[in-house]
Amino acid sequence: MGVSHETLDAAGTLPAEAIDAIERAATSAHRHEDLFSERAANIRQSAVRDVFDISMRPGLVSLAGGSPYLQSLPLDRLSATAAKIIAEDGLTALQYGAGQGTEELRTQICEVMAAEGILDARPQNVVITAGSQSAQDVATKLFCNPGDVVLVEDPTYVGALNTFEAYQVQVETVDMDESGLVPELLEARIAALQLAGKNIKFLYTIPNFNNPSGITLAKERRQQVVDICRTANILILEDNPYGLLRYSGEHLVPLRADNPGDVIYMGSFSKIFAPGLRIGWALVPEHLQRRYYLAAESVTLCPPALNQMLVSAYLREYDWRGQIETYRGLYAERCTAMLAALQEHMPAGATWTSPEGGFFVWVTLPEGVDTYPLLHKAIDAGVVFIPGAAFTPSDEPSNKLRLAFSAVPPEAIAEGVRRLAPVLREAIAAL
Ligand SMILES: Cc1ncc(COP(=O)(O)O)c(C=O)c1O
């Protein structure tokens with residue numbers, strides 16, 4: 001039971017019934033403690049969620065959350081489209097639908113993937129999910145027993161780590177350099193783990209503008225990574241929510257493009273349209289499709305029909321490619337503002353990545369600095385970031401931190417970095 005102001009009596013003390021209710025809640029919480037599964041101990045709140053509420057405080061500059069900037073969406077037109085769907089097709093939009101998602105949207109998703117360079121996708125191999133997050137969960141549920149190994153880039157997406165850990169998977173990292181995963185290190189890590197008798201199920205990778213580092217897997221490494229995994233009989237989970245948000249450099253085709261049998265590809269409308277709709281998808285190899293689809297259906301029964309119909313209408317009737325262009329321009333400008341501010345304010349000893357797309361810059365401080373305790377100092381200074389430790393499975397302190405520029409206007413980015421700099425400078429000086 002929450003203690004609100006209304007619960008207190010005029011003297012500011014708790015009435016007897018309220019105390020009883022609190023005691024009852026505490027006792028039943030204790031009684032139920034033994035009922036949790038072993039898995040439940042591994043289910044955690046992500047570090048991004050930890051600071052979500054703090055980030056909303058007025059006056060703070062939040063460089064924490066990787067939210068897309070939705071202000072450029074045509075909201076009036078979208079609301080009219082949603083109203084029209086309910087008025088004209090409400091009995092379908094509000095009804096249960098097919099477990100795999102609507103055929104129209106699966107067909108349109110193939111067009112979106114074609115824009116990425118996946119030209120052979122077929123609607124029957126697409127499974128619509130509640131975002132890419134849910135697609136990761138389904139894959140882990142389907143392939144991993146407790147103790148199985150999943151390989152990830154170091155650093156990697158905190159939400160995926162939380163999913164893997166919730167399934168009691170052993171998460172093993174492979175280092176990246178400025179060109180992404182290092183194939184030789186991947187090969188060596190697989191060999192060592194297999195020699196130790198480990199069951200490696202898949203490599204989870206974000207080849208384009210990795211969250212949190214902004215790093216992209218170089219073109220010449222892409223097939224190498226797939227070949228290494230294929231030889232070792234390890235699946236690839238390719239997570240590509242940012243691929244279309246490239247603002248400089250050459251477009252690189254996904255790993256899935258030339259490797260339809262080895263890669264489960266995950267896409268999302270969260271960053272190219274709107275995350276609140278919770279529509280993403282998995283493109284699943286033919287021989288895995290049925291099992292994957294059944295696992296997805298047992299979680300969500302069917303993806304939300306109304307949201308799918310709205311996304312379909314958006315792809316059919318709106319200039320979605322133009323909207324992606326708008327987003328690209330916007331994020332390019334913010335990325336430039338972030339890099340300029342870092343250049344101007346960061347203390348000596350700090351380095352950072354220069355992404356060609358996506359939402360994030362990854363800052364590295366000298367060895368020995370732990371960025372986790374710096375978060376509180378930064379909040380006192382009026383800025384929020386995510387400490388690097390959130391993005392690796394180890395409990396070791398991290399000298400890195402993630403800065404997100406997607407949701408913050410350029411002037412506020414500059415101000416946030418200006419506020420952060422003295423906190424970092426002081427930590428480096430204290431080494
Ligand atoms: C790499 C990556 N994968 C997946 C997600 C979650 O995407 P969705 O909203 O589609 O579940 C995010 C969100 O930040 C992400 O950065």
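Residues numbered from 1 in each chain as written. Predicted model: local features only at pLDDT ≥ 70, side-chain atom pairs only at ≥ 80, totals over all residues. Heavy atoms only, no water.

Caption draft 1: A look at the overall build of the chain. Counting its secondary structure elements, the chain contains 14 helices and 14 strands. Against the 2.2 N^0.38 benchmark of 22 Å for 431 residues, the chain shows a C-alpha radius of gyration of 23 Å, consistent with a compact globule. Projected onto its principal axes, the C-alpha positions of the chain cover 65 × 55 × 50 Å. Within the span of the chain, comprising 431 residues, buried residues form 54% of the whole. Considering only residue pairs separated by 6 or more positions, the chain has 75% of its internal contacts joining residues 24 or more positions apart. In the structure as shown, the chain presents an accessible area of about 19,600 Å², 53% of it carried by carbon and sulfur atoms. (Helix = DSSP H or I, 4+ residues; strand = E, 2+ residues; numbered from the N terminus. Rg over C-alpha atoms; globule rule 2.2 N^0.38 Å. Buried < 20%, exposed > 50% of the residue type's maximum accessible area, 1.4 Å probe, protein only. Contact = heavy atoms within 4.5 Å. Areas by Shrake-Rupley, 256 points an atom, 1.4 Å probe, with all protein chains shown as cover.)

Caption draft 2: Spatial organisation of the pairing of strand 4 (residues 170–177). With 6 bridges joining them, strand 3 (residues 149–154) and strand 4 adopt parallel strand pairing. Pairing of Glu153 across the sheet is with Val174, part of strand 4. Assessed by its sense of winding, the connection that carries the chain from strand 3 through helix 7 (residues 158–166) to strand 4 is right-handed. In this structure, strand 4 lies alongside strand 5 (residues 180–181), joined through 2 bridges in antiparallel fashion. Residue pairing in the sheet places Asp177 in a bridge with Gly180 of strand 5. In this antiparallel pair of consecutive strands, strand 4 and strand 5, the connection spans 2 residues. (Pairing = 2+ DSSP bridges. Right-handed = clockwise from strand over helix to strand, strands pointing away.)

Caption draft 3: Inspection of empty space enclosed by the protein at higher detail. According to the stated counting rule, one finds 1 cavity of 30 Å³ or more in the structure shown. As for the largest cavity, its lining consists of Val112, Met113, Glu116, Asn240, Pro241, Leu244, Tyr265, Gly267, Ser268, Ile272 and Trp281. Secondary-structure elements contributing two or more residues to the lining of the largest cavity are helix 5 (103–116) and strand 8 (263–268). When grouped by side-chain class, the residues that make up the lining of the largest cavity number 7 nonpolar, 3 polar and 1 charged. (1 Å grid on protein atoms, 1.4 Å probe; cavity = no way out; pocket = protein on both sides within 12 Å on 5 of 7 lines; lining within 4 Å. Points joined across faces, edges and corners; volume = space filled by probe spheres on them. Nonpolar A, V, L, I, M, F, W, Y, C, P; charged D, E, K, R; others polar.)

Caption draft 4: View of the site of the ligand. Inspection of the region around the ligand gives 15 residues, with Ser132, Asp239, Tyr242, Ser268 and Ser270 positioned closest. One nitrogen or oxygen atom from the side chain of Ser270 is found 2.6 Å from an oxygen atom belonging to the ligand. In this structure, Arg278 approaches the ligand through a side-chain N or O atom, which is 2.8 Å from an oxygen atom. Considered on its own, the ligand offers 400 Å² of accessible surface; in the complex 92% of this is hidden by protein. If you tally residues by element for the shell around the ligand, the top one is helix 6 (residues 131–143), at 4 residues. Taken together, the residues of the shell around the ligand sort by class into 5 nonpolar, 7 polar and 3 charged. (Near = heavy atom within 4 Å. Polar contact = N/O pair within 3.5 Å; in protein donor to acceptor, adjacent residues only side chain to side chain.)

Caption draft 5: Spotlight on helix 4 (residues 75–93). In this model, helix 4 (19 residues) spans only 20 Å end to end at C-alpha, well below the 27 Å of a helix rising 1.5 Å per residue. Along helix 4, the largest kink reaches about 70° and is centred on Ala87. Burial in helix 4 covers these residues: Leu78, Thr81, Ile85, Gly90 and Ala93. In the core, the buried residues of helix 4 are packed alongside helix 11 (305–317). (Expected span 1.5 Å × (residues − 1). Bend = angle between axes of the 7 residues up to and from the residue.)

Caption draft 6: Region of interest: the domain arrangement of the chain. Per the domain assignment, the segments of the chain are domain 1 (47–73 + 322–429) and domain 2 (94–317). Distance between the C-alpha centres of domain 1 and domain 2: 25 Å. With 28 residues of domain 1 at the interface, the matching set in domain 2 holds 29 residues. With both sides pooled, the region where domain 1 packs onto domain 2 buries about 2,400 Å², and carbon together with sulfur makes up 66% of that total. Of all residues in domain 1, Glu356, Phe391 and Pro393 bury the most surface against domain 2, accounting for 26% of the area lost on that side. Counting the contacts that link domain 1 with domain 2 gives 1 salt bridge. (Domains from an automatic or database assignment. Buried area = accessible area lost by both parts, 1.4 Å probe. Salt bridge = Lys/Arg side-chain N within 4 Å of Asp/Glu carboxyl O.)

Caption draft 7: The arrangement of the pattern of salt bridges in detail. A complete count under the given rule lists 15 salt bridges for this structure. Salt-bridge contacts for Arg189 lead to Glu172; the nearest nitrogen and oxygen are separated by 3.1 Å. Separated by 17 residues along the polypeptide, Arg189 in helix 8 (residues 183–195) and Glu172 in strand 4 bring together distant segments of the chain. Overall, the relative accessible area of 29% leaves Arg189 in the partly exposed class. Taking the shortest distance from any N to any O, the salt bridge between Glu250 and Lys219 comes out at 3.0 Å. Taken as a pair, Glu250 in the loop between strand 7 (235–239) and strand 8 and Lys219 in helix 9 (residues 219–231) lie far apart in primary sequence, 31 residues in all. Owing to a relative accessible area of 45%, Glu250 belongs among the partly exposed residues under this scheme. Looking at Lys219, the relative accessible area reads 51%, which means it is exposed. Counted as one network, the salt bridges with shared partners bring together Glu104, Arg316 and Glu317.

Caption draft 8: Representation of the side chain of Thr129 in the model. Residue placement: Thr129 occurs in strand 2 (residues 126–129). Setting aside residues no more than four positions away along its own chain, Thr129 makes contact with Ser134, Ala135, Arg278, Ile279, Gly280, Trp281 and Tyr292.

Caption draft 9: Layout of the environment of Ala121. Here Ala121 lies in the loop between helix 5 and strand 2. You can call Ala121 buried: its relative accessible area is 14%. Spatially, the C-alpha atom of Ala121 lies 9.6 Å from that of Pro285, the residues being 164 residues apart in sequence.

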